[in-house]
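A structural walkthrough
One letter stands for each residue in the lines below.
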Amino acid sequence: MNSSLILGIVTFAYGIASVLYASALIFNKSSIGKAGRFLTMGAITGNIIGIALRWIESYDHGIGHAPLSNLYESLVFFALVTAIIYLVLEIKIKDFVVSVFASPIAFLTIAYASLSPNISDRIQPLIPALKSNWLIAHVFTCFLGYSGFAIAFALSLMYFLSNENDSEGKKIFSRLPSQSVIDELTHQMIMFGFLFLSIGIITGAVWANSAWGSYWSWDPKETWSLITWFVYAILLHARLVRGWSGKRIAIISIIGFSAVMFTYFGVNYLPGLHSYGS
Amino acid sequence: MTNEQFQERINNKATAGRNLHIIWHFFTSVKLAIVLLLMLAVTSIIGTFIPQNMNSNIYHNTFGHGLYEVLNALSFFDMYHSWWYQLLMFFLSVNLLVCSMDRLHATRKIIFVKNPSYKLSVFKHLKANKNFSIKAFPENLEGSYKHFIEKKFNKCIVKSLENGFVIFGEKGRLTRLGVYYVHLSIILMLSGGLLGSFFGFEGHVNIPEGGSVNTVSLKKSSESVELGFEIKCNKFNVSFYDTGAPKEYKSDLVILENKKEVVKKAIIVNDPLRYKGINIFQSSYGSMPPEKITIAISSASSGITFNKELEIGDAVDLPEGLGTFSLQKYLNSYNFRGHNIGEAFFGTLSLKDADEPVNVLLPLKYPSFDKMRKGNVILSVMDFETSHYTGLQITKDPGVPLVYAGFLLLIIGCYVTFFMSHKSICIEVCKKGGKSRVTVAAKSNKNRLGMNEYVKKISEQLSAMNI
């Protein structure tokens, strides 16, 4: 049993869980949703075991390091955190509907990591710049933030589908929570994401200062994380001070998540210091 | 002073006051903050697509002359340090400061109160409320209810009513300050950055193994800075993984003051040396030109060969009195018929039976390269001493403590703002027949939707209590 095999099974499990959640919504049967929940729990356990095994395997290769050092490892971790958050949310609000929209994110992320020919899943040794205790703190907090925003994005999509006024013709979506509930949950997720994005940027800055002597160098990834931070800061001010809610917040949340995606993937096509993330 | 002059002065003063008021009012607006954040976000994007601080020739080639001139005039090639980007940040800081002061002034009566008073009437109209009846007299409930609220809230006041009592509980009043922590943290970070840009520096030095420096040339200008001490590099080492990827760059450094060794440390990436406010980081490395080279000189006709160690400028007599060879210079990299053959030495061969001296190329990678010349005398590289130089990034940034304080405050501030709230609760207990009627109502400055759940939970806990 090695980490690749386990993570392969986990990918499959996330996929099935997404299908189960979607069917639960379509056929309006919460028992199928429950099955999705149990499968997610299993997938999360497998995901954790897979990451732990990979960590152990890196020591067997004599290049031991936390499995958070390249794009493959970060995607696997991102899937895990996203799944944990949607599961917690599902249990907390006693409704599986959020998972219908959030579980595909976890599935697509880990599937992309495993299947894309451009992403190597080999365990590679750490280059000197990454050999630091800040690596774990930085990647861990950044991805908690990204996952928070990913769930907020799923909620914002839900917001547009749950139209309270016309129940006819869109029966599937009548099962969705009310817009005010979605709006509040989006806000909660964005606050969670914003806190951890802030900590992620800060740990990155502190790390940069101890690795190459300047806490901020306007490298494209740094700049894009700041742009993301600006977008969500705008959202929070618009909401808390100007009283924006609903549709407008959902739109900014979607824009914010596109900025997250660009920070994560797009930046790899721009020149800069973070090239090892590609 | 005439009456008119006096009147004019008053008018002037009033206008000045009005102007000040207009400016103040302009900066108290949250709309302005949103617009500034939006402008910062949008302009920041540009700088990630136009590579910053490159050679002007590259920009010339990419954009053409006309566009280059325009972009350059608007500082788009160093836009994060341009006057207009810094002005945006300055406006944001003033906006944050003025806005925070304005709001703090408006809410100071809510936040800083020594003895807050509670009015039952306020709680009567709250949406988050719940009633239930309990088989007990109010006087029997008072003690345990008070105890319950005291445990959950940090302020608890009990007042008697005509036919019962009311308990007010309150906590988290100071969490209302969370948002000001966040704003202050940003001002701290920006002032730290400003301090660093005025009183700090960022420079780079290359020190050959065994060499030392006491000045650093700066990145942004051509100036150099006196360090006040000497940095010596005893040894540089680079190691590789089996895959060929670099594993570790290490420089053995010594700090010397008045020729005396004061600190000794081997630095690697992620583990710098800090001395007297100056930080020394491992950042690059390279090879030094070999100072000595051993070449084999052989005569093609007789086959006689001998080795000779040479330095640049040295000349050596050739065997059989054929002439002399002199080592002229070292070349960092050499292009031979379109191929880069790397480091090479260059010398001239003066033969007795030739009219003109012959140029000889001695690439270090290809020791017997000279055989191709097919001359009477063949020169080949036998041995050369290599040494490295270490590239060190040297920085001084007195703004770092301020920036780090800002970091800490930002995290605390965000946590307090997002996840803590100012809550007040009111529990009214009135006698009704043989029972007590209990009304729970609560309010919070955040998450108003969640208050219904909260009130429900408290009511359940109260009604489930064993009296």
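Residues numbered from 1 in each chain as written. Chains lettered and ligands numbered in written order. Predicted model: local features only at pLDDT ≥ 70, side-chain atom pairs only at ≥ 80, totals over all residues. Heavy atoms only, no water.

Quick notes on the overall build of chain A
Summing up its helical and strand segments, chain A has eight helices and zero strands in all. The helix and strand sequence of chain A, counted from the amino end, reads α-α-α-α-α-α-α-α. Taking 2.2 N^0.38 as the reference for a compact globule, 278 residues should give roughly 19 Å; the C-alpha atoms of chain A span a radius of gyration of 19 Å, in line with that estimate. Each principal axis of the C-alpha distribution contributes one length, and for chain A these read about 60 × 50 × 30 Å. Relative to its 278 residues, chain A shows a buried fraction of 60%. Restricting the contact set of chain A to residue pairs at least 6 apart, pairs at least 24 apart contribute 79%. As displayed, chain A has an accessible area near 11200 Å², and 67% of this comes from carbon and sulfur atoms. Taking the average location of the 16 positive side-chain charges in chain A and that of its 13 negative ones, the two points are 6 Å from each other. (Helix = DSSP H or I, 4+ residues; strand = E, 2+ residues; numbered from the N terminus. Rg over C-alpha atoms; globule rule 2.2 N^0.38 Å. Buried < 20%, exposed > 50% of the residue type's maximum accessible area, 1.4 Å probe, protein only. Contact = heavy atoms within 4.5 Å. Areas by Shrake-Rupley, 256 points an atom, 1.4 Å probe, with all protein chains shown as cover. Lys, Arg positive; Asp, Glu negative; His and termini not counted. Charge placed at Lys NZ, Arg CZ, Asp CG, Glu CD.)

Description of the pattern of salt bridges
All names here are of chain A. With the rule as written, the count across this model stands at 13 salt bridges over all chains. A salt bridge links Arg 37 to Glu 90; its shortest N-O distance comes to 2.9 Å. Of the two residues, Arg 37 sits in helix H2 (residues 30-60) while Glu 90 sits in helix H3 (residues 71-93), which places them 53 residues apart along the sequence. The exposure class assigned to Glu 90 is buried, which follows from its relative accessible area of 1%. A salt bridge links Glu 73 to Arg 54, with the shortest nitrogen-to-oxygen separation between them at 2.8 Å. Remark: Arg 54 occurs in helix H2 and Glu 73 occurs in helix H3; sequence separation between them is 19 residues. On the accessibility criterion, Arg 54 (4% relative accessible area) is buried. Each of the salt bridges in this network shares a partner with another, and the network as a whole consists of Asp 183, Glu 184 and Arg 239. (Salt bridge = Lys/Arg side-chain N within 4 Å of Asp/Glu carboxyl O.)

Things to note about the sheet that holds strand S13 (residues 315-317) of chain B
All names here are of chain B. With antiparallel pairing, four strands are arranged side by side in an open sheet as S13-S14-S17-S18. Edge positions in the sheet fall to S13 and strand S18 (358-363), since each has one partner strand and no second. Each adjacent strand pair in this sheet contributes to an overall mean axis angle of 25°, direction not counted. In this sheet, S18 lies alongside strand S17 (residues 344-351) in antiparallel orientation, the contact comprising six bridges. Bridge pairing links Gly 347 to Val 360 in S18. (Pairing = 2+ DSSP bridges. Axes fitted to C-alpha atoms, helices over the stretch in contact; angles between N-to-C directions.)

Let's talk about empty space enclosed by the protein
Residues and elements named next belong to chain A. Per the counting criterion, the structure on display carries two cavities of 30 Å³ or more. Computed from the structure, the second largest cavity encloses a volume of approximately 40 Å³. Considering the residues around the second largest cavity, the lining is formed by Leu 7, Ile 51, Arg 54, Pro 67, Tyr 72, Glu 73 and Val 76. Those elements that provide at least two residues to the lining of the second largest cavity are H2 and H3. Sorting elements by how many residues they give to the lining of the second largest cavity places H3 first, with three residues. A per-class count over the lining of the second largest cavity returns five nonpolar, no polar and two charged. (1 Å grid on protein atoms, 1.4 Å probe; cavity = no way out; pocket = protein on both sides within 12 Å on 5 of 7 lines; lining within 4 Å. Points joined across faces, edges and corners; volume = space filled by probe spheres on them. Nonpolar A, V, L, I, M, F, W, Y, C, P; charged D, E, K, R; others polar.)

Here we look at the interface of chain A and chain B
Tallying the contact residues gives 45 residues for chain A and 49 residues for chain B. Note on chain A versus chain B: buried area summed over both sides is about 4100 Å², and carbon and sulfur give 74% of it. Of all residues in chain A, Pro 128, Tyr 215 and Trp 218 of chain A give up the largest surface area on contact with chain B, accounting jointly for 16% of the area buried on that side. Inspection of the chain A/chain B interface yields zero salt bridges. At the boundary of chain A with chain B, the tally comes to nine residue pairs in polar contact (both at pLDDT 80 or more). Those elements that provide at least two residues to the side of chain A that touches chain B are helix H6 (179-211) and helix H7 (220-240) of chain A. (Buried area = accessible area lost by both parts, 1.4 Å probe. Polar contact = N/O pair within 3.5 Å; in protein donor to acceptor, adjacent residues only side chain to side chain.)

Side note on the nonpolar core
Counting 131 residues, the largest nonpolar core has Ile 151, Phe 194 and Trp 229 of chain A as its most contacted members. Here the element with the most residues in this core is H6 of chain A; it accounts for 16 residues. For Ile 151 of chain A, the contacting residues outside a window of four places in its chain are Thr 82, Ile 85, Tyr 86, Leu 89, Val 98, Ala 102 and Met 189 of chain A. Counting residues in each nonpolar core, the second largest holds 23 residues, with Phe 153, Cys 156, Ile 425 and Leu 462 of chain B among its members. (Core = buried A, V, L, I, M, F, W, Y, C linked by side-chain atoms within 4.5 Å.)

Quick word on the packing of aromatic side chains
All names here are of chain A. Under the counting rule described, the total for this entry stands at 41 aromatic pairs over all chains. With a centroid separation of 5.8 Å and 45° between ring planes, the pair formed by Tyr 146 and Tyr 264 is classed as tilted. Here Tyr 146, found in helix H5 (residues 134-161), pairs with Tyr 264, found in helix H8 (residues 247-264); they are 118 residues apart in sequence, far enough to count as distant. For the residue pair Tyr 146 and Tyr 264, the accessibility class agrees, reading buried in each case. (Phe/Tyr/Trp six-rings, centres within 6.5 Å; stacked < 30°, edge-to-face > 60°.)

Observations concerning the side chain of Asn 270 of chain B
One can find Asn 270 of chain B in the loop between strand S8 (260-268) and strand S9 (273-275). When its relative accessible area of 14% is taken as the criterion, Asn 270 of chain B is described as buried. At 3.3 Å, the side chain of Asn 270 of chain B and the backbone oxygen of Pro 128 of chain A are in polar contact. Of note is the side chain of Asn 270 of chain B, whose polar atom sits 2.9 Å from the side chain of Trp 207 of chain A. Not counting residues within four places of it along the chain, the set of residues in contact with Asn 270 of chain B comprises Pro 128, Ala 129, Leu 130, Lys 131, Ser 132, Trp 207, Ser 210 and Ala 211 of chain A.

Thoughts on a nonpolar patch on the surface
Residues and elements named next belong to chain B. A contiguous nonpolar patch, built from Leu 194, Leu 195, Phe 198, Phe 199 and Leu 402 and spanning about 500 Å² of accessible area, is present on the exposed surface. No other element matches helix H7 (residues 178-199), which puts four residues into the nonpolar patch. Structurally, the position occupied by Phe 199 is in helix H7. (Patch = residues over 30% accessible without salt bridge, like charges linked within 9 Å, V, L, I, M, F, W, Y side chains within 5 Å.)

Observations regarding H7 of chain A
Note: α-helices contain 3.6 residues per turn, so residues at a spacing of three or four share the same orientation. Across its 21 residues, H7 of chain A extends 30 Å between first and last C-alpha, which sits within 8% of the 30 Å expected from 1.5 Å per residue. Where burial is concerned, most of H7 of chain A is hidden: 19 out of the 21 residues are buried. (Expected span 1.5 Å × (residues − 1).)

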